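Next come the chains, spelled out residue by residue.
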Amino acid sequence: MKARIPKIDYSQVRPHWAPNREFAHNVNASSTIPVFVEPWLIKVMNKAKAALPAGETRLHAVIDIFIAQEAQHYRQHAGFNRRIREAYPEIVEHERRIEREYQEMLDHRSLKYCLAYSEGFEALGSLGAVMWFDKYRPYLEGADYEAVALWKWHMAEEYEHREVCFQLFRALYARSLWGRFWNGWLYRCYGFVRTVRHLGAYTNRVAQALIDADRRSMTPEEVERSRASVKQFQAHMRSTAGAEILKVFSPFYNPARRPEPRGMAAYLERFEKGGDMGRAAA
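A brief structural summary. Not measured: the values here are computed from a predicted model. Every chain's residues receive numbers from 1 upward, in the order its sequence appears when written. Totals for whole chains, interfaces and linings use every residue, but because this is a predicted model, local features are given only for residues with pLDDT of at least 70 and side-chain atom pairs only at 80 or more, for both listing and counting. Hydrogens and waters are ignored; side-chain quantities use all the structure's heavy atoms.

**Focus: the packing of helix H5 (residues 111-135) against helix H8 (residues 164-173)**
And then number 1: The axes used here are C-alpha line fits, helices contributing only the stretch in contact, and every angle between their N-to-C directions lies in the interval 0 to 180 degrees. Only DSSP runs of H or I with at least four residues qualify as helices, and only runs of E with at least two residues qualify as strands; both kinds are numbered from the N terminus onward. It is the contact of H5 with H8, at a shortest axis distance of 9 Å, that shows an interaxial angle of 155 degrees. Viewed along their axes, H5 and H8 adopt a mutual orientation that is roughly antiparallel. The two elements H5 and H8 meet at a crossing, and its hand is left-handed. Residues Leu111, Lys112, Leu115, Ala116, Ser118, Glu119 and Glu122 of H5 lie in contact with H8, whose contacting residues are Cys165, Phe166, Leu168, Phe169, Leu172 and Tyr173.
And then number 2: Under the scheme applied here, ten amino acids are nonpolar (Ala, Val, Leu, Ile, Met, Phe, Trp, Tyr, Cys and Pro), four are charged (Asp, Glu, Lys and Arg), and all others, including Gly, are polar. Split by residue class, the contact of H5 with H8 holds nine nonpolar, one polar and three charged. Here roughly perpendicular refers to angles of 65 to 115 degrees, roughly parallel to angles under 35, roughly antiparallel to angles over 145, and oblique to all remaining angles. By convention, the crossing between two helices is left-handed when the near helix turns anticlockwise from the far helix through less than a right angle, and right-handed when the turn is clockwise. Here, two residues are considered to be in contact whenever any of their heavy atoms come within 4.5 Å of each other.

**Overview of the pattern of salt bridges**
And then number 1: For this document, the term salt bridge refers to a Lys or Arg side-chain nitrogen within 4 Å of an Asp or Glu carboxyl oxygen. Taken as a whole and assessed by the stated rule, the structure comprises 14 salt bridges.
And then number 2: For Glu86, the salt bridge identified is with Arg83, shortest N-O distance 2.9 Å. A residue pair is termed a helical-turn pair when its members lie 3 or 4 positions apart in one helix, as Glu86 and Arg83 do in helix H3 (residues 57-87) at three residues.
And then number 3: Relative accessible area decides the class of each residue, using a 1.4 Å probe on protein chains only: under 20% of the type maximum gives buried, over 50% gives exposed, and in between gives partly exposed. Judged by relative accessible area, which is 28%, Arg83 ranks as partly exposed.
And then number 4: Salt bridges sharing common partners tie together Arg4, Glu157 and Glu160.

**Remarks on the side chain of Glu146**
And then number 1: Residue placement: Glu146 occurs in helix H7 (residues 145-160).
And then number 2: Here the side chain of Glu146 touches Tyr145 through a polar contact of 3.5 Å, side chain to side chain.
And then number 3: Ignoring sequence-local partners within four residues, the contact set of Glu146 consists of Ile8, Asp9, Gln12 and Val13. Two N or O atoms form a polar contact when they lie within 3.5 Å of each other; inside protein one atom must be a possible hydrogen donor and the other a possible acceptor, and for residues adjacent in sequence the pair counts only when both atoms belong to side chains.

**Some points on the layout of surface pockets**
And then number 1: For each structure, a 1 Å grid was placed over the protein atoms alone; sets of points admitting a 1.4 Å probe that cannot get out are labelled cavities, open sets with protein on both sides within 12 Å along at least five of seven lines are labelled pockets, and lining residues have an atom within 4 Å of a point. Grid points are joined across faces, edges and corners, and a volume is the space filled by probe spheres set on the points. Space inside the largest pocket adds up to approximately 1100 Å³.
And then number 2: Around the largest pocket sit 35 residues that line it, and Asn26, Ser30, Gly200, Thr203 and Met237 are the ones nearest its centre.
And then number 3: For the lining of the largest pocket, the element with the most residues is helix H9 (residues 177-215), which contributes nine residues.
And then number 4: Looking at the lining of the largest pocket residue by residue, the class counts come to 20 nonpolar, eleven polar and four charged.

This is the structure:
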């Protein structure tokens, strides 16, 4: 685990950065999330760190690295998103809404709830590493390097810190046998469901807004192809991500046991050695 600072030039980012526009827009919608969730997540982690016993020295140390990584994630996505927003200003209202929702969550929800939500988000992050390094390969052929580099770097670091929120939640709320059952399993699963429903609904709204904007200038035949592309991607997600999501609901789930995605370590090594880290890693 370490914080990296990518040097990716976002000035030439195209909203249609992948040959499959509907896939690109689904990813573009997801890219708007880190700018709001990760500053919120850092605040939650600082609160949780303050409540963590001083004797948990290793966990205190990895939380600091976790925060440093997340701080870079939202800054890098902000640069990418700026280009998307210039072409599709209709996403601004959705961004403002989710920003308000995170502030309300921080103001009115318990630390336990926020940390369970955070662990759910991190579970999705480690799953994202599997998707980007393995399952998305057909969609990345011919894709622009800026978007691919941004997401592969981000998801690789999500994999690296995949167990921090999990271990922190257990340390604060699941020390006893009963706590492991009630909080460490049932409440953790509740937090995961809340995260999936919240972010899934948000991503769908933003992706649909982007796709609808494109369809306004399409012929009827192009619209039908666009709809077919959306259905194909949704089917791909159900067949590839569905089984991985179900694993999170196991009472024996532990993100530390998730296998490292194929090619991730070699990719990060190339990424770190490149002068232009985005272009070198593409």
